[in-house]
Amino acid sequence: MNLIKQPLVVALVAATLPMASLAETDSASKMVLKTDRDTAAVERKINALDDATREKLEEARQVLARAEQLALYNKQMEAIIASQEEEMASLDAQIDGINETEQGILPLMQLMLSQLEADIDKGIPFLANERAVRTSKLEAALSRADITVSEKFRRVLEALQIEVDYGRTIERYRENEEGTAYDHLRIGNVALYRRSLDGSEAWIWLDGQWQALSKEQAEPLSIASRVADKSVAPQLITLPLPAQGAAN
């Protein structure tokens, strides 16, 4: 009887081993599939984070580029203001050095007025009517005998100071040109823009004439005008500017 049972035991053991191996294999396969799904989910999260990071990096680059442009504009404005202040200092030095007589001061004031008119003529034509009236009144005052020399000199310096102050400010104003009203935006004394009242068209003063701006170029003018009106806080705005040294 032992000879009959022994092969059966061996056969049962041999038959049992493959079934246990299959169960372990199925469990391992499920674990691999779960790991693959978890890995794919992690990769999707990493890719999403990468996209967000790249987007933030691109935004930061754009902000830096705009900041560099603003720094360049401020540097140009500082150079212009410094030049005007040097001119004023030079005039002050001339005044201190001249003989304080009517014969010496009147020619100097006439020279200062002539230089002021020349600067206005060759610069951008902002507030054209207002500035023309100012220089016309000043020229008339210099020839009047009932105005003292000191008062004439005060008015000349006042006119010069007004022109210097234009270089430090931005301004929005409305003015008629050839019978049509436009909104104007002045940036210091280096850039001048105008827009139709409905905002559909915009121009920049360049090379002695108005040149049309594209819709994309004109879009920031609306915000810049509100900054000039002080209806919104100052902010970084990218505007088209005449090239430095371009003819007006």
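Quick notes on the rules
Residues numbered from 1 in each chain as written. Predicted model: local features only at pLDDT ≥ 70, side-chain atom pairs only at ≥ 80, totals over all residues. Heavy atoms only, no water. Helix = DSSP H or I, 4+ residues; strand = E, 2+ residues; numbered from the N terminus. Buried < 20%, exposed > 50% of the residue type's maximum accessible area, 1.4 Å probe, protein only. Contact = heavy atoms within 4.5 Å. Areas by Shrake-Rupley, 256 points an atom, 1.4 Å probe, with all protein chains shown as cover. Pairing = 2+ DSSP bridges. Lys, Arg positive; Asp, Glu negative; His and termini not counted. Salt bridge = Lys/Arg side-chain N within 4 Å of Asp/Glu carboxyl O. Axes fitted to C-alpha atoms, helices over the stretch in contact; angles between N-to-C directions. Core = buried A, V, L, I, M, F, W, Y, C linked by side-chain atoms within 4.5 Å.

> Run through the overall build of the chain, naming residues and quoting values.
Regarding its fold elements, the chain presents five helices and five strands. In the chain, the order of α-helices and β-strands from amino to carboxyl end is α-α-α-α-β-β-β-β-β-α. Counting only residues that meet the buried cut, the chain has 26% of its 248 residues in that class. Restricting to contacts in the chain with at least 6 residues of sequence separation, those with at least 24 account for 51%. For the chain, the exposed area adds up to about 17000 Å²; of that, 56% sits on carbon and sulfur atoms.

> Explain the pairing of strand S4 (residues 202–206) residue by residue, including any values.
Counted residue by residue, S4 has four buried out of five residues, so it is predominantly covered. Relative to S4, strand S3 (residues 191–196) runs antiparallel, the two being bridged by three bridges. Within the sheet, the bridge partner assigned to Arg195 lies in S4 and is Ala202. Following S3, the chain reverses through five residues before pairing antiparallel with S4; Gly199 in that reversal takes a positive phi of roughly 75°. The sheet contact formed by S4 and strand S5 (residues 209–212) spans four bridges and is antiparallel.

> Requested: an account of the side chain of Glu175, with residues and values cited.
Its place among the elements puts Glu175 in strand S1 (residues 170–177). This buried residue, Glu175, is left without a salt bridge; Arg194 holds the nearest opposite charge, at 8.6 Å. With residues up to four places along the chain from it excluded, the contact list for Glu175 reads Leu127, Ala128, Asn129, Thr180, Ala181, Tyr182 and His184.

> Would you mind going over the sheet that holds S1 in detail, with residue names and values included?
Pairing within the open sheet is antiparallel, and its five strands lie in the order S1-S2-S3-S4-S5. At either margin of the open sheet sits one strand with a lone partner, and together these are S1 and S5. Strand-to-strand, the axes of this sheet are offset by a mean angle of 30°, without reference to chain direction. Relative to the sheet, helix H5 (residues 215–228) contacts S1, strand S2 (180–187), S3 and S4, its axis offset from that of S1 by approximately 110°.

> Before we move on, could you go through the nonpolar core and cite the residues and values that matter?
With 16 residues, the main nonpolar core has Met109, Met112, Leu116, Val156 and Leu160 as its most contacted residues. Elements represented by at least two residues in this core include exactly helix H1 (2–97), helix H2 (102–122), helix H3 (128–142) and helix H4 (149–166). Non-local contacts of Met112, meaning those with residues more than four positions away in its chain, are made with Leu91, Phe153, Val156, Leu157 and Leu160.

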